[in-house]
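Summary of the model geometry
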Amino acid sequence: MTQRSEIGSNEPQHYATAAIDAGAELDPVHPVTPPVLHRPGGLTAAEVAERIARGEVNDVPVRSSRSAVDIIRGNVFNRFNAIIGVLWVIMFFVAPFQDTLFGFVILANTGIGIIQELRAKKTLDGLAVIGEAKPVVRRDGVAGEVSTSEIVLGDLIELGPGDKVVVDGEVAEADSLEVDESLLTGEADPVLKRRGDRMMSGSFVVAGSGAFTATKVGREAYAAQLAEEASRFTLVHSELRSGISTILKYVTWMMIPTATGLIISQLLVKGDNLKDSIARTVGGIVPMIPEGLVLLTSVAFAIGVIRLGRKQCLVQELPAIEGLARVDVVCLDKTGTLTEGGMDVTELRTLDGHDEAYVRKVLGALGESDPRPNASLQAIIDAYPDSEEWRCVESLPFSSARKYSGAAFSEGDGQSSTWLLGAPDVLLPEKDPALADIDRLNEQGLRVLLLARAAGELDAHDVATGARPAALVVLEQRLRPDAADTLRYFADQDVTAKVISGDNAVSVSAVAEKVGVPGAGNTVDARRLPAERDAMAAELDKNAVFGRVTPQQKRDMVGALQSRGHTVAMTGDGVNDVLALKDADIGVSMGSGSEATKAVAQIVLLNNSFATLPSVVAEGRRVIGNITRVATLFLTKTVYSVLLAILVVVAQVEYPFLPRHLTLLSTLTIGVPAFFLALAPNKERAKPHFVRRVMRYSIPGGIVAAAATFATYLLARSHYSGPGALEAETSAATLTLFLVAMWVLAIVARPYTWWRVGLVAAMGLCFLVVLAVPSLQDFFALKLVGTTMPWAAVAIAAVASVLLEFAWRWVDRRFPA
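Here we take up the overall build of the protein. Helix and strand counts for the protein stand at 27 helices and 21 strands. For the protein, the share of sequence-separated contacts (at least 6 apart) that also reach a separation of at least 24 residues comes to 74%. When the accessible surface of the protein is totalled, it reaches about 33000 Å², and 58% of it is carbon and sulfur.

Taken in spatial order, the 8 strands make up an open sheet running β8-β21-β20-β19-β9-β16-β18-β17, and their pairing is mixed. A single partner strand is all that each edge strand has here, and the edge strands are β8 (313-315) and β17 (523-525). Each strand axis lies, on average, 20° off the axis of its neighbour in the sheet, ignoring direction. For strand β9 (residues 329-332) and strand β19 (residues 568-572), the ladder comprises 4 bridges, and the chain directions are parallel. When the bridges of β19 are listed, V330 appears paired with A569.

This part covers the side chain of Q602. Along the chain, Q602 turns up in the loop between α20 (595-600) and β21 (603-605). According to the relative accessible area criterion, Q602 is buried, its value standing at 10%. Here the side chain of Q602 touches G587 through a polar contact of 2.5 Å, landing on its backbone nitrogen.

The next thing to look at is helix α22 (residues 659-678). Most pronounced at T667, the bend in α22 amounts to some 50°. The buried fraction of α22 amounts to 15 of the 20 residues, a majority that puts the element mostly inside the structure.

Here we take up the pattern of salt bridges. Under the criterion given, the structure shown has 26 salt bridges. Between R548 and D425 there is a salt bridge, with its nearest N and O atoms 2.8 Å apart. Residue R548 is located in the loop between β18 (545-547) and α18 (551-563), and its partner D425 is located in helix α13 (residues 424-427); the two are separated by 123 residues in the primary sequence. When sorted by exposure, R548 lands in the same class as D425, which is buried. Via salt bridges that share partners, D425, E430, D525, R527, R528 and R548 belong to a single interconnected network.

Once that is clear, we can look at the confidence of the model for the protein. In this model, the protein carries a mean pLDDT of 81, and residues with pLDDT of at least 70 account for 89%. Averaged pLDDT values for the elements of the protein fall to 45 in helix α6 (residues 225-230) and rise to 94 in helix α25 (residues 754-772). Taken as a whole, residues 1-34 scores under 50 in pLDDT and shows 59 contacts with residues more than four places along the chain or in a different chain. Here residues 225-237 is a poorly scored stretch, pLDDT under 50, and it has 41 contacts once near neighbours within four places are set aside; other chains count.

It is worth spelling out the packing of helix α21 (residues 613-651) against helix α24 (residues 725-748) at this point. Interhelical geometry of α21 versus α24 gives an angle of 155° and a closest axis separation of 10 Å. Between α21 and α24, the angle falls in the class roughly antiparallel. Here α21 and α24 pass one another in a crossing that is right-handed. Counted together, R629, T632, L633, T636 and Y640 of α21 and L737, V744, L745 and V748 of α24 form the full contact between these two elements. Looking at side-chain class alone, the contact of α21 with α24 contains 6 nonpolar, 2 polar and 1 charged residues.

Bridge analysis of strand β1 (residues 136-139) against strand β2 (residues 142-145) gives 4 bridges, and the strand direction is antiparallel. When the bridges of β2 are listed, V136 appears paired with E145. Counting the residues between successive antiparallel strands, the hairpin from β1 to β2 contains 2 residues, one of them, D140, with a positive phi of roughly 55°.

Attention shifts here to the nonpolar core. In terms of nonpolar packing, the biggest core is built from 125 residues, with L324, V517, I603, F610, V630 and F767 touching the most fellow members. The element contributing the most residues to this core is α21, with 15 residues. The residues touching I603, leaving out its near neighbours within four places in the chain, are C313, L314, A320, L324, I586, G587, V588, S589 and V616. Residues A526, L529, L561 and A580 belong to the second largest nonpolar core, which totals 27 residues.

Let's shift gears to helix α17 (residues 533-542). All buried positions along α17 are accounted for by M536, A537 and L540. Seen from one end, α17 has its buried residues packed into an arc of 100°, which puts them on one side. Elements in contact with the buried residues of α17: β16 (496-500), β18 and α18. Between the side-chain oxygen at the start of α17 and the backbone nitrogen of D534 there is a gap of 3.4 Å, and the oxygen is on E532.

In the contact formed by helix α9 (residues 291-309) and α21, the axes pass within 10 Å of each other and the chain directions differ by 170°. Relative to α21, the element α9 lies roughly antiparallel. Between α9 and α21, the contacting residues are E291, G292, L293, L296, T297, A300, F301, I303, G304, R307 and L308 on the first element and S615, V616, E619, R622, V623, I627, V630, A631, F634 and K637 on the second.

Counted according to the given criterion, the structure contains 11 aromatic pairs. For the pair W88 and F92, a centre-to-centre distance of 5.3 Å together with 45° between the ring planes defines the contact as tilted. Of this pair, W88 and F92 are both found in helix α3 (residues 79-94), 4 residues apart, which corresponds to roughly one turn of the helix. Looking at W88, the relative accessible area reads 16%, which means it is buried. Aromatic side chains F779 and F780 sit 5.0 Å apart centroid to centroid with 80° between the ring planes, which places their arrangement in the edge-to-face category.

Now for the environment of E347. Here E347 is to be found in strand β10 (residues 339-350). Along the primary structure E347 and E476 are separated by 129 residues, whereas in three dimensions their C-alpha atoms are 9.2 Å apart. Polar side-chain contacts of E347 include one of 2.6 Å to the side chain of R349.

Calculation rules
- Residues numbered from 1 in each chain as written.
- Predicted model: local features only at pLDDT ≥ 70, side-chain atom pairs only at ≥ 80, totals over all residues.
- Heavy atoms only, no water.
- Helix = DSSP H or I, 4+ residues; strand = E, 2+ residues; numbered from the N terminus.
- Contact = heavy atoms within 4.5 Å.
- Areas by Shrake-Rupley, 256 points an atom, 1.4 Å probe, with all protein chains shown as cover.
- Pairing = 2+ DSSP bridges.
- Axes fitted to C-alpha atoms, helices over the stretch in contact; angles between N-to-C directions.
- Buried < 20%, exposed > 50% of the residue type's maximum accessible area, 1.4 Å probe, protein only.
- Polar contact = N/O pair within 3.5 Å; in protein donor to acceptor, adjacent residues only side chain to side chain.
- Bend = angle between axes of the 7 residues up to and from the residue.
- Salt bridge = Lys/Arg side-chain N within 4 Å of Asp/Glu carboxyl O.
- pLDDT = per-residue confidence, 0-100.
- Parallel < 35°, antiparallel > 145°, perpendicular 65-115°, else oblique.
- Left-handed = near helix turned anticlockwise from the far one by under 90°.
- Nonpolar A, V, L, I, M, F, W, Y, C, P; charged D, E, K, R; others polar.
- Core = buried A, V, L, I, M, F, W, Y, C linked by side-chain atoms within 4.5 Å.
- Arc of directions from axis to C-beta.
- Phe/Tyr/Trp six-rings, centres within 6.5 Å; stacked < 30°, edge-to-face > 60°.

Below, the structure is given as structure tokens:
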């Protein structure tokens, strides 16, 4: 059987040859460029080599991660590393080695951050190669897949449903080719493309097939950055990252006047000992900087990427890990998500006395008429082989918007006929008696297609009107074995599942019930949904399963849910899901999905396993919950450091601590515990208002710690006198601050598990070792003198800890998260 299309038609193939204007401005809505010569066989190998030599290659890098240079630059060159670096250099000249330890800690932190991000980059780059779209290019008359970056100027690129247009070009061949340009122009309706029309990179095919000649490649192409930006590893544009940036901005502004006042006060108080004055000033400035907070956020995200990468989950935009953790509604497309892609024909029912043998011939011919069949048509092709006697003279590809496909044939005996294959409730009148049987089949979860003979021409707008039913094709869908468990996980995590499908509503309901979707028994036919957003949102809140949803409706439904304050994730694998995936807070595509779907999704499940989604949700919750915990630790330190500096300035006394003291405290009460807490399991659902939630604990915690420490310091100043008094006062103040900081850690570590209790106990034991071992006492200049003041320091810390408990419980009641 041969298929009529513009490919191989009798139209003349001569076009005026024109130079390709690579530098011309491209208007995405009204593009105008000269026509190009159509070479049905594509370029020759020699021509390809010549263009590569001239640099006419699609060289836009499609990266999944920051470059190694960007990673190193981002971790090394930042404002806090610059501040600490300057202070570190100063300390090398004015203080012993012990007081320069904080600089080595920063070096270690920076190194850890770089190593982890490079590991994440390696993981993502490897997954990106697996998931990369490979366009079909015709060269030397042979079609084959090539990498997007290997396309050259003048290449002939073939297209089918779901394919993404990766470079700009001009249509050379078209067979009912419909292209969606909404991601570029905002126009929702597909555009029918004919030979000579412009193709824009960033658009995608929704129906039909064809080929186009590349006229602009690389950075010259319109929307050339789309694929690059969609696949780039990023640490920005998330509530977590922007919240931390906001905190750091305020910390910087607080540091400037506080540090200035501290420098002046220490120079005035200890004018006779400049080096000691500088050392104690630096000791007051360094702990104000929450330098490890940025590191641990980067490390937590990077390790999340690596963990998900091991499960064949490609995170194309890093904040997607965080975003999916905030999701409270997940919209599922039935086909490819709840069901596997393949189908099987289970029954053929002829209608109105049609001959079954003849119907089989029609189905075989219809299958052969589509060069890129969808899953339903592929099942028909497998069941009913084509007859060579029939010739397709015109075809109408399947479209999600119209819900049917069709073809006109010249039969072997000279007769001609036009046939449609699609949704029975679309092709049949509303009260047709056949619909009752169809509903019974749909109730069993079966998909039913209607074969109907069209009364008019295939290209008529109302071709479906008056179509005469010939047969029902009953298809059985294969349920994903892991779908039920995944849906149970979402239900347990308070995430509402909404099944949104283009299939018959009754059939969708039956499948949803089989996999355990809550509320699956009450299914809504989307054709009866109100168009007004608020009314649609109300229906979506009340119901869980929707059938006969058009691609534009999917997009509208996502918007309606978002208008009610929901964070929405959308999963899908077909071209009909692209618009909704793009608008959803998080788009999740299957690895076997169309190129267009994978291009707009933030997360691609390369193993096509819906069961991977809980891992992504859990990873996001781990990252956000743990970073909130450790941020509280770091910012409590910042608050008490700033307040201690202010109190010292106001009281005009020497700053109690040297850098070595606060390096020890930071390491034991923040640095080491935070690293473990940041990577621990955490199933708590992410909550909004990150900055408010962190600061409502950090501020009271910092105030109590600073007040208790300064009280101990002033009491020690009145208790000790003579040589060595300052060291004794510092040791007492250090003991109080350590105990209060440990209590902050103990609160943050809740709820307790065996390893968290062990972690807190181990940090306390390390401090006792420092106080007990003479060499460590000398190294850190810590020696408790007598018994009265050390026990007073413990008592003050105990009172402060009780105050902390009351303060944090009051905050929980007064400022709930």
